[in-house]
Number of protein chains: 2
Amino acid sequence: MPKFVYDFTEGNKDLKDLLGGKGANLAEMTNLGLPVPPGFTITTDACRHYLSHGTTPDGLDDEVGDHLRALEERMGKRLGDPADPLLVSVRSGAKFSMPGMMETVLNIGLSDESVHGLARQSGNERFAWDSYRRLIQMFGKTVLGIDGEHFEHAIDSAKEHKGATSDAGLDADDLKQLTKAFKDIVSEQAGRDFPTDPRVQMDLAVKAVFDSWNADRAILYRRQERIPADLGTAVNVVAMVFGNLGDDSGTGVAFTRDPSTGAQGVYGDYLANAQGEDVVAGIRNTVQLQDLERIDKTSYDELMRIMQTLENHYRDLCDIEFTIERGKLWMLQTRVGKRTAAAAFRIATELVSQGMIDMDEALTRVSGDELARVMFPRFDVTGEVRELTKAVNASPGAAVGKVVFDSGTAVRLTERGEKVILVRRETNPDDLHGMVAAQGVLTSRGGKTSHAAVVARGMGKTCVCGAEELAVDSAAKKFTAPGGVVVREGDVISIDGTSGAVYLGEVPVVASNVVQYFEGSLAPDSDDLVRAVHALMSHADAKRRLGVHANADNGPDCARARRFGASGVGLVRTEHMFLGERRQLVENLILAEPGSSARAEALDALEPLQRGDFTEILEAMDGLPVTIRLIDPPLHEFLPDLTDLSVKVALDGDNATDADRRLLGEVRRLHEQNPMLGLRGVRLALTIDGLLAMQVRAIARAAAGLAQAGKSPKPEIMIPLIATVQEMEFSAERVKEVIEEVEAETGIHVDIPVGTMIEVPRAAETAGDIARAAEFFSFGTNDLTQMTWGFSRDDVEGAFFSRYIELGIFGVSPFETIDRDGVGGLVRRAVRAGRETRPDLHLGVCGEHGGDPQSVWFFHEAGLDYVSCSPFRVPVARLEAGRAAVAGGNSDTR
Amino acid sequence: MPKFVYDFTEGNKDLKDLLGGKGANLAEMTNLGLPVPPGFTITTDACRHYLSHGTTPDGLDDEVGDHLRALEERMGKRLGDPADPLLVSVRSGAKFSMPGMMETVLNIGLSDESVHGLARQSGNERFAWDSYRRLIQMFGKTVLGIDGEHFEHAIDSAKEHKGATSDAGLDADDLKQLTKAFKDIVSEQAGRDFPTDPRVQMDLAVKAVFDSWNADRAILYRRQERIPADLGTAVNVVAMVFGNLGDDSGTGVAFTRDPSTGAQGVYGDYLANAQGEDVVAGIRNTVQLQDLERIDKTSYDELMRIMQTLENHYRDLCDIEFTIERGKLWMLQTRVGKRTAAAAFRIATELVSQGMIDMDEALTRVSGDELARVMFPRFDVTGEVRELTKAVNASPGAAVGKVVFDSGTAVRLTERGEKVILVRRETNPDDLHGMVAAQGVLTSRGGKTSHAAVVARGMGKTCVCGAEELAVDSAAKKFTAPGGVVVREGDVISIDGTSGAVYLGEVPVVASNVVQYFEGSLAPDSDDLVRAVHALMSHADAKRRLGVHANADNGPDCARARRFGASGVGLVRTEHMFLGERRQLVENLILAEPGSSARAEALDALEPLQRGDFTEILEAMDGLPVTIRLIDPPLHEFLPDLTDLSVKVALDGDNATDADRRLLGEVRRLHEQNPMLGLRGVRLALTIDGLLAMQVRAIARAAAGLAQAGKSPKPEIMIPLIATVQEMEFSAERVKEVIEEVEAETGIHVDIPVGTMIEVPRAAETAGDIARAAEFFSFGTNDLTQMTWGFSRDDVEGAFFSRYIELGIFGVSPFETIDRDGVGGLVRRAVRAGRETRPDLHLGVCGEHGGDPQSVWFFHEAGLDYVSCSPFRVPVARLEAGRAAVAGGNSDTR
């Protein structure tokens, strides 16, 4: 017979799956001997059974009855006893906190009879009737599904009748009348009387909590927070204690350290003669926790001792809720507390200093996301700033710019060199080019899964959304903020995607201290946060198995990557060197006939320029490997857009130049329906004579020049878009021929390995074959994700990702975090097959996933040698690689 | 010690891998007691060793010496004996016939001394010197790599000197002089004297044959014929026999049946007093084999007996080469002979009637490609036709049309309803739209791997290429054929892609008898070929495990598919029903705001039209399953082209209509960079309200209507482009809701399974999950190939497939024949994982591969339930499915 009910004395903090977070921690505190009101927990198993069968499991009723009797015995009171009733609360408590999402019913056990007993025992008739009307109100809403407005109306009528301005103006008799009115509402609205049997009250409340797991808002919340839908919730039945029995009573919340900065010392709020709900509702002002020492030194001292006990026991920042009932302290909840990113670093290292945890454990207490947050540039709000509103922090960053209300204007101003913030009620796929152009995006509607939020995060663009206090009027090109502040097109605002704040005017932006430390302009001990980051990064570096390289295309980026801790460059995109002034040379190359002298000239003109680029990069990374990818995109990307040019030539009519006509012919010829799946990558190398040779020659000559000057260049040549080993064989052979030619020409040998991107699904599928001809693999997970899912990122992210996230089809975009099941399956098999063919095959990843925390863990598990990411993500990847190593190293997926 | 040399008495016909085709069959004939000149075979192992190490394997010399001595003993002559020399030929012989590709050296063993012995023994001095000069000439060219022109020049000088018009005009003395001149050429050109040691002659000739395996032309041939590059060739050393020793000598070739029609009765040519080379060179006219009976009855009778023996032994049509030396018959070669497609069917069934093979064996003797060949419409050349030339039969079919010389004209005339043949010197990617428009393509340059050939085969378009006798002058818009016939733009020609013939004017086209039989308009016994096809198709149907369905989008196509033997429709492309007049309705749908009444109206207008389509299809396939795919392509495919419309609006300027401007806005908004990877398939269903419901409603209502009328409609609904099980769950749930609504509305239940295409690599990778929500899979191997390879078929086939085939990266386009390693690997895993989740999962394929013979075998092996292909390919798939079943059934890949 399975056990569905646990007394608090039977559980412990490791049983969160079964007892939920609240129940497990209440049990833990009970077992530590802390003053917890007695009670018991109905398990998530019972909830899951109820949700899938529609009925509670056999035996649950009896088990609950047994635990209730034990509770009554311990308390010396009976539930619903007319003389001295035991009251209980029925509280939800899932494995993961879902604040405000689910239900609670307080004061169960009151009835027309027992309310008198409570009045007598408490010596407070008003309190008793207030407690009773609260029960009926909560029960009516939560269990019976009655619209809360009915009850609010009744309260308002009572106050009006009495001429009172607040609930406090209602006395015991008023509340007694109100209670009767509430019972009438229940009978009318629910078609049944309010149940006076306390056990019936309790059982119905338990089912209502179970049902609340599948309320719409809970489902939505879980999707957003990526909480599995099938966990279910536990239910805690706890003896009521009251903080509202007079001035010797009260309630509070506290943290064992400052959750905002991580500084040591307790921190919290206290409200005398109140219940927890009152603190949340903010009806009266709380006092600082320290003031409790003056109010009730005994309870304060006991609380301090308890908090120390909890921190020592949990070895982490704890947050707690407590109530004092007539001078007696009760602990109502504890858990490991949420904290800011900066606090996380500081707390983790300070717990190490205090001997509570070791450095390995400390690493598990921080995350790459938190590191990224402390690296974002921030607004310097030390001067005078004017905050317009605070809304949803949808995509972090600090952006300043002129307000624009449409994408066309955003693009136009940006082309003029202005910085703009795109402000919209909400965005849709039409706004994509405006979002690309803008510094940041601000919307007045939608949450973290709105179109604006999803697309902005995908782009790494600052975004604040759901700013409902702003009235956006796009037609009039203005928005109105609280207080009637009107902001018009062209006015400057600043938006903080990390905090959600929106400021009027330009708020100065400063680089974070952590970035200044990485840059070398701040010492490792310059402040508490930097000291903590330094200590944890050093430990991560010592522990990690994964190397961290950077994706960088020029000398300065390489130098920064090196300062940020990159031990190589994992991806140089050579096509980036074909832009700007050199575009004309590429155009010449494309327009020249195959085999013509014009083509040879165009290639000859590009070679020294590319050589210069490579020299700069190899010099910046001297002694470290630099993986250079040969040109990847279709050549027509270097030509004008087909539609634009067609319109120009059409409008020019008879006056159209021969050059334009000829160019249009070429653009048409090279136009592709699906350029991502077209003539690009190795296909260019194998069809356009001389292109591969020019690039390889530039690399080999750059390396030879540096070697001659006493440097240690370590270039590696990467062939993109390989789908079959034959392509790899043909191109590697040609690469090696050119390298040998340069060796013959310079008399200098530089070892230049030749490998490939694994970015086409077929390459992953046949990796064992490809490894015969490739000396290394670098997983190009951007393209691999696009082709494995059949997604063109440009096309689909704006078009339907927000809809897919809303539907729960994705928890997160597969372009942000690697899709373990699909793309990940291909990667794992390719790793295995590649190493089988060539045991010393060097394996890395150079898609954007290389800098994503969860993806770094995956690559660690998959057994790659390194990840490569943008220079700014290098520290994040270092930290996560260390965390992955500490957390378990080579898991079963290796 | 491995054995590298086999006497003919030691081998047999099953050792082709080791002894090559020629050697294995010579051994077989020897063991049958047939008169084969003695000899031995050096194995392909020895060749492979030589090719990879550059030297012959240890021990080969001694082994050859031993076999040579044995041969000398048997012949009673010694190699190079001045008195009575043994002469041998050294002949290549690979596993697969590579006619004309590799080398042969005859008359080895002659020298300045032994030539006299040969003269004496043969009593023919001219013959001896002629043999000697032939040896030096062949040896010089083949072994020493001397340009053959030097020898030709010397012969020409000799003839000129003598005043002779042909070789026959040179007497023994002249040939003796010529021999000396030839030896001088060798010394000068090769820098070494012609070796007089016969063993040296032989060893060098053997190596020359080995080397010829890697000659350019051989490599190219193997790529074209998809013969593996690492097989190597065997070398046969055979005692020479001479057919040119007088009128009692001669040589011939023969077939045991007519290889053109398959009719019974021997068939062949004979040439008296000649060697095999003379027959090939066509210097003199041959006589019919039957005439040999008159010339040399003994030999003729023996030959007839031998041919009967061979056919009984090989149980198939054999072709042979023989020589009669002074009345003694010698068999020089035999093999299972090539035949036309029609002959293949007839021979296979007639061998069954004659009790030589059974029906299973007969099935292995024909192929789907052959069936397709006898199904092509053919030109009726019984009337008067004028053949202009005959060139490479690059892509089969019979096409008639007006000649055009550029793609623009091809498109323009086609749009006017004219039929055209595109004639080019060679095609390039620019010609793609012209090729699409034309009935057929004719080029004057390039072979079977040229751009024109590859692209035309990919499109299933008739193509004749490499018509070098035609002088194409595109600028003047004409071509000139042999005899000075000038064909100008607009003149009609007919091209036969099956034979390579090009005719002037319109040659009438007739459906093949086989197609008329499938159509039911010819009886199964109406001619020999139809009778054979009928018998073999019946047997294939009885044996095959794979079902064969058809891809068809309307009633008539379905009816034809059914007549051709389809047992269901595997793919109805519903978007095909959105073309033509209905395009406007789709445009309305796209232009309507989401949720607007205009959108609902557009959907309401489409529903009855779709319902009508489905009713027609389900009625035509009554009682058989019909898999209907919901709309797949991006909606903008139904709107005007972005560039065209942009140009129009720009040119209209201020006069542009509001409708056009609005349309342009929508076209821009919906424009995608990579539509293949964009908003299409299930993504449309999940983002465009009402679209899925409209289509499902039309299907369910059509089915209900037919069921009500007493029919048995069996629709299945297929969701395209599924990448993840969540998409499948959401869409299947919605489909089922709509079906239930229709059931409630009509009161009629029709079982409608819901499944998916597996066409996105991720779907294959996570097929086990997807099978939880899908009742069937249909592999969409077109898209799966595109995404797995990262190829957009439209973009790359013309752009570089011919180059890739030339390089040997593909043997064949992966769009023609399934790529077993890459795409095939995904398919096999998906089959396994899908069936693990759902053992009764129904599995099919609806890509074009479903009608490709090699691919059908793969799908059989992979364990699919059915293949689906275009109606015309249904018989091919039926035949190949039968052949696959007979050939081994469930192979290890299952």
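Residues numbered from 1 in each chain as written. Chains lettered and ligands numbered in written order. Predicted model: local features only at pLDDT ≥ 70, side-chain atom pairs only at ≥ 80, totals over all residues. Heavy atoms only, no water.

1. Some words on the overall build of chain A
For step 1, the next point in the chain: Helix and strand counts for chain A come out as 35 helices and 33 strands.
For step 2, the next point in the chain: Considering only C-alpha atoms, chain A reaches an extent of 105 × 60 × 55 Å along its principal axes.
For step 3, the next point in the chain: Burial statistics for chain A: of 894 residues in total, 56% are counted as buried.
For step 4, the next point in the chain: When contacts within chain A are restricted to residue pairs at least 6 apart in sequence, those whose partners lie at least 24 apart make up 67%.
For step 5, the next point in the chain: Of the roughly 35,100 Å² of accessible surface on chain A, 46% is carried by carbon and sulfur atoms.
For step 6, the next point in the chain: Seen as two clouds, the 98 positive and the 135 negative side-chain charges of chain A have centres 1 Å apart. (Helix = DSSP H or I, 4+ residues; strand = E, 2+ residues; numbered from the N terminus. Buried < 20%, exposed > 50% of the residue type's maximum accessible area, 1.4 Å probe, protein only. Contact = heavy atoms within 4.5 Å. Areas by Shrake-Rupley, 256 points an atom, 1.4 Å probe, with all protein chains shown as cover. Lys, Arg positive; Asp, Glu negative; His and termini not counted. Charge placed at Lys NZ, Arg CZ, Asp CG, Glu CD.)

2. Some thoughts on the interface of chain B and chain A
For step 1, the next point in the chain: In this assembly, 53 residues from chain B lie in contact with 52 residues from chain A.
For step 2, the next point in the chain: Summing the contributions of chain B and of chain A, the shared interface buries around 4,700 Å²; its carbon and sulfur component is 60%.
For step 3, the next point in the chain: Summed over the three residues of chain B that lose the most area to chain A, namely Asn674(B), Leu677(B) and Arg762(B), the buried surface amounts to 13% of that side.
For step 4, the next point in the chain: Taken together, the connections running from chain B to chain A amount to four salt bridges.
For step 5, the next point in the chain: With its nearest N and O atoms 3.0 Å apart, the salt bridge here joins Glu765(A) to Arg829(B).
For step 6, the next point in the chain: Across the chain B-chain A interface, the total number found is 25 residue pairs in polar contact (both at pLDDT 80 or more).
For step 7, the next point in the chain: Elements supplying a minimum of two residues to the side of chain B that touches chain A: helix H24 (642-652), helix H26 (682-687), helix H28 (725-746), helix H29 (761-765), helix H31 (781-789), helix H32 (793-807) and helix H33 (823-837) of chain B.
For step 8, the next point in the chain: Ranked by residues supplied to the side of chain B that touches chain A, first place goes to H32(B) with eight residues.
For step 9, the next point in the chain: Grouping the amino acids of the side of chain B that touches chain A by side-chain chemistry returns 24 nonpolar, 16 polar and 13 charged. (Buried area = accessible area lost by both parts, 1.4 Å probe. Salt bridge = Lys/Arg side-chain N within 4 Å of Asp/Glu carboxyl O. Polar contact = N/O pair within 3.5 Å; in protein donor to acceptor, adjacent residues only side chain to side chain. Nonpolar A, V, L, I, M, F, W, Y, C, P; charged D, E, K, R; others polar.)

3. Here we look at the packing of helix H21 (residues 555-563) of chain A against helix H23 (residues 597-620) of chain A
All names here are of chain A.
For step 1, the next point in the chain: Between H21 and H23, the least distance of the axes is 8 Å, while the angle of their chain directions is 15 degrees. The orientation of H21 relative to H23 falls into the category roughly parallel. When the axes of H21 and H23 are compared, the crossing they make is right-handed. Only Glu 616, Ile 617 and Ala 620 of H23 make contact with H21, whose side of the interface consists of Gly 555, Pro 556, Cys 558, Ala 559 and Arg 562.
For step 2, the next point in the chain: For the contact of H21 with H23, the per-class residue count stands at five nonpolar, one polar and two charged. (Axes fitted to C-alpha atoms, helices over the stretch in contact; angles between N-to-C directions. Parallel < 35°, antiparallel > 145°, perpendicular 65-115°, else oblique. Left-handed = near helix turned anticlockwise from the far one by under 90°.)

4. Some details on the pairing of strand S28 (residues 625-629) of chain A
All names here are of chain A.
For step 1, the next point in the chain: Across the five residues that make up S28, a large majority, four, are buried.
For step 2, the next point in the chain: Bridge analysis of strand S27 (residues 569-573) against S28 gives three bridges, and the strand direction is parallel. Bridge pairing links Arg 573 to Arg 629 in S28.
For step 3, the next point in the chain: Bridging between S28 and strand S29 (residues 714-719) involves five bridges; their strand directions are parallel. Considered in S29, the bridge of Val 626 is made with Pro 715. (Pairing = 2+ DSSP bridges.)

5. Quick notes on the sheet that holds strand S20 (residues 471-473) of chain A
The strands that make up a sheet pair up through hydrogen bonds in the backbone, lying either parallel or antiparallel.
All names here are of chain A.
For step 1, the next point in the chain: Ordered by their spatial adjacency, three strands build an open sheet running S20-S21-S22, and the pairing between neighbours is antiparallel. The open sheet is flanked by S20 and strand S22 (485-488), the only strands paired with a single partner. Geometrically, the sheet is characterised by an average inter-axis angle of 20 degrees between neighbouring strands, direction not taken into account.
For step 2, the next point in the chain: As paired elements, S20 and strand S21 (residues 478-481) share three bridges and run antiparallel to each other. Across the sheet, residue Asp 473 finds its bridge partner in S21, namely Lys 478.

6. Description of the nonpolar core
For step 1, the next point in the chain: Counting 298 residues, the largest nonpolar core has Leu371(A), Phe777(A), Phe779(A), Phe345(B), Leu371(B), Phe777(B) and Phe779(B) as its most contacted members.
For step 2, the next point in the chain: If we ignore the near neighbours within four places in the chain, the residues touching Phe779(B) are Ile758(B), Val827(B), Ala830(B), Val831(B), Leu843(B), Gly844(B), Val845(B), Cys846(B), Gly847(B) and Leu864(B). (Core = buried A, V, L, I, M, F, W, Y, C linked by side-chain atoms within 4.5 Å.)

7. Thoughts on the side chain of Thr766(A)
For step 1, the next point in the chain: Positionally, Thr766(A) belongs in the loop between helix H29 (761-765) and helix H30 (767-770).
For step 2, the next point in the chain: At 2.8 Å, the side chain of Thr766(A) and the backbone oxygen of Arg762(A) are in polar contact.
For step 3, the next point in the chain: The residues contacting Thr766(A), other than those within four sequence positions of it, are Ala723(A), Asp821(B) and Gly822(B).

8. Quick word on the packing of aromatic side chains
For step 1, the next point in the chain: If you walk through the whole model with that rule in mind, you get 54 aromatic pairs over all chains.
For step 2, the next point in the chain: Ring geometry for Tyr132(B) versus Phe194(B): centroids 6.3 Å apart, planes at 65 degrees, classification edge-to-face. Pair noted here: Tyr132(B) is in helix H5 (residues 125-142) and Phe194(B) is in the loop between helix H7 (172-190) and helix H8 (198-212), with a separation of 62 residues, a long-range link.
For step 3, the next point in the chain: Aromatic side chains Phe151(B) and Phe182(B) sit 4.9 Å apart centroid to centroid with 75 degrees between the ring planes, which places their arrangement in the edge-to-face category. Taken together, the residues span a long stretch of sequence, with Phe151(B) in helix H6 (residues 148-162) and Phe182(B) in helix H7 at a distance of 31 residues. Summarising the burial analysis for this pair, Phe151(B) and Phe182(B) share the class buried.
For step 4, the next point in the chain: Pairwise contacts between aromatic rings join Trp789(A), Phe791(A), Phe800(A), Phe801(A), Tyr804(A), Phe810(A) and Phe815(A) into one cluster.
For step 5, the next point in the chain: A cation over a ring is seen here: Lys328(A) above Trp330(A), with NZ or CZ 4.8 Å from the ring centre. (Phe/Tyr/Trp six-rings, centres within 6.5 Å; stacked < 30°, edge-to-face > 60°. Lys NZ or Arg CZ within 6 Å of the ring centre and 35° of its normal.)

9. Describing helix H6 (residues 148-162) of chain A
All names here are of chain A.
For step 1, the next point in the chain: Between its terminal C-alpha atoms H6 stretches 22 Å, which fits the 21 Å expected from 15 residues at 1.5 Å a residue.
For step 2, the next point in the chain: What H6 keeps buried is the set Gly 148, Phe 151, Ala 154, Ile 155, Ala 158 and Lys 159. Each buried residue of H6 lies within a common arc of 135 degrees when the element is viewed along its axis, so the set occupies one face. Residues of H6 that are exposed and angled more than 90 degrees away from the buried face: His 153, Glu 160 and His 161.
For step 3, the next point in the chain: In this structure, the buried side of H6 is in contact with helix H5 (125-142) and helix H7 (172-190). (Expected span 1.5 Å × (residues − 1). Arc of directions from axis to C-beta.)

10. Description of the pattern of salt bridges
Residue and element names in this part refer to chain A.
For step 1, the next point in the chain: For the structure shown, the criterion picks out 120 salt bridges over all chains.
For step 2, the next point in the chain: Across the pair Asp 406 and Lys 477 runs a salt bridge, and its minimum N-O distance is 3.8 Å. Here Asp 406 is found in the loop between strand S16 (398-404) and helix H16 (407-415), whereas its partner Lys 477 is found in the loop between S20 and S21, with 71 residues between them in sequence.
For step 3, the next point in the chain: Overlapping salt bridges, with partners in common, bring together Glu 575, Arg 629, Asp 632, Arg 680 and Asp 783 in one network.

11. Points about the state of the cysteines
For step 1, the next point in the chain: Overall, the coordinates contain zero disulfides over all chains when judged by the stated rule.
For step 2, the next point in the chain: Not engaged in a disulfide, the cysteine Cys463(A) finds its nearest cysteine sulfur in Cys465(A); these two sulfurs lie 4.9 Å apart. (Disulfide = S-S within 2.5 Å.)

12. Considering the confidence of the model for chain A
All names here are of chain A.
For step 1, the next point in the chain: In this model, chain A carries a mean pLDDT of 92, and residues with pLDDT of at least 70 account for 98%.
For step 2, the next point in the chain: Contacts of residues 889-894 to residues separated by more than four positions or lying in other chains number 13 contacts, the stretch itself having pLDDT below 50.
For step 3, the next point in the chain: Among the scores for the predicted complex, ipTM is 0.86 and pTM is 0.86. (pLDDT = per-residue confidence, 0-100.)

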